[in-house]
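Fold and geometry: a report
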Amino acid sequence: MRPILTTSPYALVSVGHASATILDHARPLEVEVVDALAAHGRTLAELIASGESVPAGPRSAVDGYALRGEDRGDRALVLREIVAGPDQGLVVGPGQAVRIMTGGILPDGADAVVMVEDTEERDGRVAILREVSPGGNVHQVGQDIAVGEVILPVGAALGPAEIGLLATVGRVRVGVYRRPRVAILATGDELVDPWETPPPGCIRDSNGYALAAAVRDSGGEPIWTGVARDDEEGLAAQVGEALAGADVLVTSGGVSMGTRDLVKPLLERLGTIHFGRVNFKPGKPLTFATIGGALAFGLPGFPVSSLVTFEVFVRPALLRMQGRPRVSRPRVEAELEHELRPDASRPEYQRAIVQWRDGRLVARTTGSQGSSRLLSMAGANALLEIQPSEHRIPAGSRVSVLLTGDLIAD
Ligand code: AMP
Ligand code: MG
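The structure presented is a predicted model; accordingly, all values stated were derived computationally and were not measured.

Attention shifts here to the packing of aromatic side chains. As enumerated under the stated definition, the model contains 5 aromatic pairs in all. Relative to Trp224, the ring of Tyr209 lies with its centre 6.1 Å away and its plane at 80°, an arrangement referred to as edge-to-face. With Tyr209 in helix α3 (residues 207-217) and Trp224 in strand β16 (residues 221-228), this residue pair connects regions lying 15 residues apart in the sequence. A residue is classified by how much of its surface remains accessible, and Trp224, at 42% relative accessible area, is partly exposed. Ring geometry for Phe288 against Phe297: centres 5.1 Å apart, planes inclined by 40°, an arrangement best described as tilted. Given the relative accessible area of 1%, Phe297 is considered buried. One aromatic cluster is present, formed by Phe275, Phe288 and Phe297 through successive ring pairs.

This is how it looks when you write it as structure tokens:
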């Protein structure tokens, strides 16, 4: 049992200081080469310049007739049609036209395409109802991508369009940053597994599940390391095991001022604690340490505190380790739908639902903001950044908002 402390030995640091300290220690991990298809959700670690022009040759943008844009009047039909696919080596002379489908390579001699809707074909001739100028309805060489053009920068987040671009230029293997391996360790004598019925005084470990999902959401690979009991030796052994092979350790619980809060002293013994308290609600006892090359986050035990501190402090670190240049959530302003009571002394991150309504963003609370009430996070897409004050904030006020999820349709 540790002695009872009445004041914390750790300085209370600001949110800004805590965030900057964490990002100072979070570096992009090594690069690995993966299939473009498997790179979805990853961050590009190399610059991609196209080795080719796209399209490589002039192509028809429509179904119609390829011809010389300067000619006028009916054209004699060249009797073979061009479909998308390999070049057929046709030649279109003056006064001639050839039937061509979208994507077909323009035949030699032709420089324009008349849409089929603007033509009438009969007896081997085509009447042109609406003439086009040279270049009309033609995709020119390199119109979409010029040869040598940089199509994706280092740090690009690879979504469907980016993956499609890699395929377009034939980059089927691509360098991306490795995903961080994140060991998750819940601590507490009171915890039982979620599938068990807790005896009196015990509760189910929900943080393990929630944090594993949060790690995945942030692009990391969660490593489940179970529950550690509140005894020094057992905790030390499990933390040691969890750290083997992990880039990041995330613990929950055991970081407050109680006699069984053993995480801080252990992190101190194993590595360097950079801060042990943040002027932040919910989650003041958040602790950040480095142990060898690994980052360690001691998150508070209350379910809301652990998820909100993960969102604000751990997620940016995981994104930075994946090579993302931008790791912050978008910060916007929204109008409060109702009055709100700030915390008297700490900046508070209140969970809310933000919607676009009648041309403006409006924010509605998710109800009681207690740290144990995980329902206050369910369905939330925003954290309201409420500065400390003795006074209520009236309905209609504009407040600063971190958008943590998609905007919800009205
Ligand atoms: P602690 O910081 O260890 O004192 O934990 C604070 C409170 O958070 C505990 O009293 C529990 O009610 C709750 N708690 C701690 N760990 C978990 C967990 N893994 N899952 C759900 N609730 C937890
Ligand atoms: Mg505990």
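Reading around the circumference, β21-β23-β22-β24-β25 is the order of the 5 strands in this closed barrel, with mixed pairing throughout. Pairs of neighbouring strands in the sheet enclose a mean axial angle of 55°, with direction left out of account. Pairing of strand β21 (residues 331-336) with strand β25 (residues 398-403) involves 5 bridges; the strand directions are antiparallel. Paired with Glu335 across the bridge in β25 is Arg398. Sheet contacts for helix α6 (residues 303-321): β22 (348-357) and β24 (382-386); angle to β22, the most-contacted strand, approximately 70°.

What surrounds ligand 1 is a group of 16 residues, the closest being Asp205, Ser206, Gly254, Gly301 and Phe302. With respect to ligand 1, the backbone of Asn207 contributes an N or O atom lying 3.3 Å from a nitrogen atom. In the environment of ligand 1, an oxygen atom lies 2.9 Å from a nitrogen or oxygen atom belonging to the backbone of Gly254. Look at ligand 1: alone it shows 480 Å² of surface, and the protein chains cover 79% of it. Assessed atom by atom at 2 Å from the grid points, ligand 1 resides in the largest pocket. A breakdown of the residues in the shell around ligand 1 according to their chemical character gives 5 nonpolar, 7 polar and 4 charged.

With that settled, the discussion passes to the layout of surface pockets. Taken as a whole, the largest pocket encloses approximately 480 Å³ of empty space. If you trace the largest pocket, you find 29 residues lining it, with Gly253, Pro300, Gly301, Phe302 and Pro303 closest to the centre. Sorting the residues of the lining of the largest pocket by element identifies β15 (203-204) and α6 as the ones contributing at least two each.

On the surface, Leu47, Val150 and Val154 cluster together into a nonpolar patch covering about 250 Å² of accessible area. If you trace the backbone, Val150 turns up in strand β11 (residues 150-152). Since its relative accessible area comes to 45%, Val150 is described here as partly exposed.

Here we come to the nonpolar core. Soluble globular proteins tend to pack their nonpolar side chains together in the buried interior. Membership of the largest hydrophobic core comes to 35 residues, with the highest contact counts inside it found for Val278, Phe297 and Phe313. Counting only elements with at least two residues in this core, the list comes to α1 (15-25), β13 (181-187), α3, β17 (248-252), β20 (294-299) and α6. Sorting elements by how many residues they give to this core places α6 first, with 10 residues. For Phe313, the residues in contact, after removing those within four places along its chain, are Val15, Ala18, Ser19, Ile22, Val278, Phe280, Leu286 and Phe297. Leu243, Ala246, Ile273 and Ala296 belong to the second-largest nonpolar core, a separate cluster that totals 21 residues.

A side chain of one charge can pair with a side chain of the opposite charge when the charged atoms of the two come close. Following the criterion strictly, the structure yields 18 salt bridges and no others. The closest approach of N and O atoms between Arg72 and Glu131, which form a salt bridge, is 3.6 Å. In this pair, Arg72 is assigned in the loop between β4 (64-67) and β5 (75-82) and Glu131 in the loop between β9 (125-128) and β10 (138-139), connecting sequence segments 59 residues apart. Given a relative accessible area of 26%, Glu131 falls into the partly exposed group. Because the salt bridges share partners, they merge into one network encompassing Glu30, Arg178 and Asp247.

Every buried residue of helix α5 (residues 263-270) is listed here: Val263, Lys264, Leu266 and Leu267. What you see down the axis of α5 is that its buried residues fit within an arc of 165°, all on one side. Where α5 is buried, its residues meet β13, α4 (232-243), β17, β18 (272-275), β19 (287-291) and β20.

The rules behind each value
Residues numbered from 1 in each chain as written. Chains lettered and ligands numbered in written order. Predicted model: local features only at pLDDT ≥ 70, side-chain atom pairs only at ≥ 80, totals over all residues. Heavy atoms only, no water. Phe/Tyr/Trp six-rings, centres within 6.5 Å; stacked < 30°, edge-to-face > 60°. Helix = DSSP H or I, 4+ residues; strand = E, 2+ residues; numbered from the N terminus. Buried < 20%, exposed > 50% of the residue type's maximum accessible area, 1.4 Å probe, protein only. Pairing = 2+ DSSP bridges. Axes fitted to C-alpha atoms, helices over the stretch in contact; angles between N-to-C directions. Contact = heavy atoms within 4.5 Å. Near = heavy atom within 4 Å. Polar contact = N/O pair within 3.5 Å; in protein donor to acceptor, adjacent residues only side chain to side chain. Areas by Shrake-Rupley, 256 points an atom, 1.4 Å probe, with all protein chains shown as cover. 1 Å grid on protein atoms, 1.4 Å probe; cavity = no way out; pocket = protein on both sides within 12 Å on 5 of 7 lines; lining within 4 Å. Sits in = over half its atoms within 2 Å of the grid points. Nonpolar A, V, L, I, M, F, W, Y, C, P; charged D, E, K, R; others polar. Points joined across faces, edges and corners; volume = space filled by probe spheres on them. Patch = residues over 30% accessible without salt bridge, like charges linked within 9 Å, V, L, I, M, F, W, Y side chains within 5 Å. Salt bridge = Lys/Arg side-chain N within 4 Å of Asp/Glu carboxyl O. Core = buried A, V, L, I, M, F, W, Y, C linked by side-chain atoms within 4.5 Å. Arc of directions from axis to C-beta.

It is worth stressing that arrangement in space is one thing and function is another; only the former is reported here.
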